[in-house]
Structure formats: C-alpha cells, structure tokens
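Close look at the chain arrangement
Single-letter residue listing:
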Amino acid sequence: MKVSFIVVTYRRGKVLQVCLDSIYAQSGLSLPYEIIIIDNGGDAEIVPPSNPQIQLRIERPEQNLWAAGGRNLGIQLAQGEFLVLLDDDAAWHADTDAAQLISHLEKDAKCGCAAGISLTPDGVPIPVELPHPNKAYVLSAKTPIEVPYCFVTGIVFRADIVKRLGGYPTRFGIYMEEIDLSLRLIDAGYRIVYDPAIATYHYKSNAGRSVVGDKYWKASAINKSRFAWRLLPQPYPFTTLFIWTMAAVIKSRNPMLLWDIWKSLWTERALIRRERKPVRPETIRYLKSIGARLWY
C-alpha cells in the first residue's frame, strides 16, 4: 500500500464527515489506500466510503490520546509509504490535492514533508497557519518554497522517516508537537516544502476543544519551552522560556500562570535534561537561511 491517510478526531460531529468526504473524493492516488481514524472521543458517527478500494480503519482508544498520541498511534498502524495527515475539521479544496502533495516526495528524495496553504471556508488564507514566521513572504510565493515547519491541516510525510524519528512527542499532547517533529525532520537531512497551489479549508470547529483560555496559554508556553530545551542550542531555550511565559501572563491577564508554568517545567527538569539533544549547527544555519525564527 502506497498511501495512508490519518485523521485524529475528538467529538467533532458532522464536520468530521466533511473531512472524510473530501478524502473519499481524492483522485490520482494509487489504489488501494487506507484511511485510519483515531477516535479519541469514542463516539464518532462515520459514513464509510462507497469505493471498496478505500480501506477504512477506526481505532477507539480507551482514553483520549490527544493530538500527538493519536497521530502516533495512526503512524504505528499505517501500512503506506506516504502518510497524509489531515485535521478532523479540515477538508481538501480540490480532488487532486493529496496526489499533488505526494508528488513532491516522489520527485525529490530529500523532501521529507510537503504542505499546502490553509484557508477559511470562504477561501481566505489563515495567516497564523502559514508554515513560516514571515507570513507576507509565504503569501507572495507563486511556486513551491522551503519552509521551517508544517501544520497538520493537510500534509504528507515519508512514513519510514517519521517512524525512525519516533513520531510526535506524545507528552506535548497538543500544541508545538508539529514544530518539534518538523525540526527533527530537518535535522535528519530532509526538507519541508510548501506548495501554494495546494490548499485545505479549515473550519476551525470549537466542538471538543477543551484547551482554551488560560489552559491554552499555559499549554502553549510549557510546550514551547519543552521544545526549545529539547532541540535548540543555547541561548534559545532561555529566550523562549522568558518570552513565552511573559506572553502567557500578558495575554491571559493572570499573573498566577507564571508560577504554574515554571512549576510544571521545574518538576520535569530531569526528564528535559535526558531528552535534550540540540540540533546540528548545520541545521541552525539552514533554518536561518530560509528565514526561520529561533529566538522564541
């Protein structure tokens, strides 16, 4: 089997079926292919594909594995050479999107991941989901460019590389797990390509979303710091920790978050030390050459 789609879902209702229908409609793919659904909520109602060559597999874990753990389970189960990951509240904008993404990996052995642009349902680009800190640069791109990271609104990975790298950092749960894997992929010698001709509509459903408000700012600051201490050379872990804890306090208007964030990181300091494996100097030079932001 050449292609495996992976969708992690948690109580997204009808928008999940919109996502799946857009996968069922994809053309130009090697058949058969599989769709693996990790149903973290355990109650998703799914209409299966009418095409018998599209193999649907639904896994319902005993507990919520969150985004990172759910994707890792899907990656572990996948049989395909290429892994196509799509958010459960996103849908392809054209029936050739997945095949075109995969073509980048087929043409270039050093392309480890390919991604497209994320749009609102009205077709407007979503700046925060562009895979580069310079949003204007990405929006102006007319041809594929190299980018420092990717989001799972619609991407494809080489299965062997992702499995060798160990997938996503499970304990991140949600937020920054994508950046962490992206950096390890680049450090392994692969590129991430953004193709502006490929897109997904992101409905950004709030159904099933529990990490909001202060919880969002706390989780974001903690995971950004975890990521920096795991993978970035000095002084970037310190600048990341300072800037994002301050941002969390300012955005939430809750000074107690500062204590909560620092306490959480302090309790896992031994684990962070064991995990620490800064990327190569060559990787830092490459990231700077394509405009990546490292200070925070």
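Before going into details, it helps to say that this report is about the structure given with it. (Residues numbered from 1 in each chain as written. Predicted model: local features only at pLDDT ≥ 70, side-chain atom pairs only at ≥ 80, totals over all residues. Heavy atoms only, no water.)

**Quick word on the layout of surface pockets**
For the record, the criterion: Within this scheme a cavity is a closed region of a 1 Å grid, computed over the protein atoms alone, that accommodates a 1.4 Å probe without allowing it to escape, whereas a pocket is open but has protein on both sides within 12 Å along at least five of seven lines; lining residues each have an atom within 4 Å of a point. Grid points are joined across faces, edges and corners, and a volume is the space filled by probe spheres set on the points. Starting at the N terminus, helices and strands are each numbered in turn, a helix being any DSSP run of H or I of at least four residues and a strand any DSSP run of E of at least two. Each residue is assigned to one of three groups, with Ala, Val, Leu, Ile, Met, Phe, Trp, Tyr, Cys and Pro labelled nonpolar, Asp, Glu, Lys and Arg labelled charged, and all others, Gly among them, labelled polar.
Roughly 370 Å³ of internal volume is contained in the second largest pocket. Elements with a minimum of two residues in the lining of the second largest pocket: α8 (236-252), α9 (256-267) and α10 (269-275). No other element matches the five residues that α9 contributes to the lining of the second largest pocket. Considering only residue class, the lining of the second largest pocket consists of eight nonpolar, no polar and four charged.

**A few points about the pairing of strand β2 (residues 33-39)**
To keep things clear, this is the line we draw: Relative accessibility under 20% of the residue-type maximum defines a buried residue, over 50% an exposed one, and the middle range a partly exposed one, all with a 1.4 Å probe and only protein chains included. For crossovers, right-handed means that the path from the first strand over the helix to the second runs clockwise, given strands pointing away from the viewer. Note on pairing: two strands pair once DSSP finds at least 2 bridges between them.
Of all seven residues making up β2, seven are buried, and the element is well covered by its neighbours. One crossover worth recording links strand β1 (residues 3-9) to the parallel β2 by way of helix α1 (residues 14-24), and it is right-handed. As judged from the six bridges shared by β2 and strand β3 (residues 54-59), these two strands associate in the parallel manner. Across the sheet, I35 pairs through a bridge with L56, a residue of β3.

**Some remarks on α9**
Our working definition: Expected span, for any helix, means 1.5 Å times one less than how many residues it has. Any two residues having at least one pair of non-hydrogen atoms within 4.5 Å are treated as being in contact.
Its twelve residues place the ends of α9 17 Å apart at the C-alpha level, agreeing with the 16 Å of an ideal helix rising 1.5 Å per residue. Structurally, α9 contributes buried residues whose contacts are with α7 (214-231), α8 and α10.

**Considering the packing of aromatic side chains**
Using the following cut-off: Planes of paired rings set the category: under 30 degrees apart is stacked, over 60 is edge-to-face and the rest tilted, where pairs are Phe, Tyr or Trp rings (Trp by its six-membered ring) whose centres lie within 6.5 Å.
Throughout the structure, instances matching the rule amount to seven aromatic pairs. Ring centres 5.3 Å apart and planes at 55° place the aromatic pair F5 and Y33 in the tilted group. With a gap of 28 residues between them, F5 in strand β1 and Y33 in strand β2 connect regions that are remote in the sequence. Given the relative accessible area of 0%, F5 is considered buried. Judged by relative accessible area, which is 1%, Y33 ranks as buried. Residues Y216 and W217 carry aromatic rings whose centres are separated by 4.9 Å and whose planes lie at 75° to one another, so their mutual orientation is edge-to-face.

**Remarks on the environment of I243**
Within the fold, I243 resides in helix α8. Spatially, the C-alpha atoms of I243 and N40 are 33 Å apart, while their sequence positions differ by 203 residues.

**Some words on unusual backbone geometry**
A cis amide bond links L31 with the next residue in sequence, P32, at an omega value of 0°. Mapped onto the fold, P32 is located in the loop between α1 and β2. A cis geometry characterises the amide bond from Q234 onward to P235, with omega recorded as 10°. Of note, the phi angle at M176 is positive, near 75°, even though the residue is not glycine. Structurally, the position occupied by M176 is in the loop between α5 (159-165) and α6 (177-187).

**A closer look at a nonpolar patch on the surface**
Counted only if it meets this: Distance thresholds for patches are 9 Å for like charges and 5 Å for nonpolar side chains (Val, Leu, Ile, Met, Phe, Trp, Tyr), applied to residues having over 30% relative accessible area and no salt bridge. Every accessible area reported is derived by Shrake-Rupley at a probe size of 1.4 Å, with residue values counting cover from the shown protein chains alone. Salt bridges are defined as contacts in which a side-chain nitrogen from Lys or Arg sits within 4 Å of a carboxyl oxygen from Asp or Glu.
Where nonpolar side chains cluster on the molecular surface, the patch consists of F242, M246, I250, L258 and W262 and spans about 510 Å² of accessible area. Those elements that provide at least two residues to the nonpolar patch are α8 and α9. The element that contributes the greatest number of residues to the nonpolar patch is α8, accounting for three residues. By the element assignment, F242 lies in helix α8. Judged by its relative accessible area of 54%, F242 is exposed.

**So, the side chain of N72**
Applied cut-off: We call two N or O atoms a polar contact when they sit within 3.5 Å, provided that within protein one can donate a hydrogen and the other can accept it, with sequence-adjacent residues counted only if both atoms are side-chain atoms.
With respect to the helices and strands, N72 occurs in helix α2 (residues 66-77). Within the structure, the side chain of N72 is placed 2.8 Å from the backbone nitrogen of Y168, a separation counted as a polar contact. In contact with N72, not counting residues within four places along its chain, are G166, G167, Y168 and T170.

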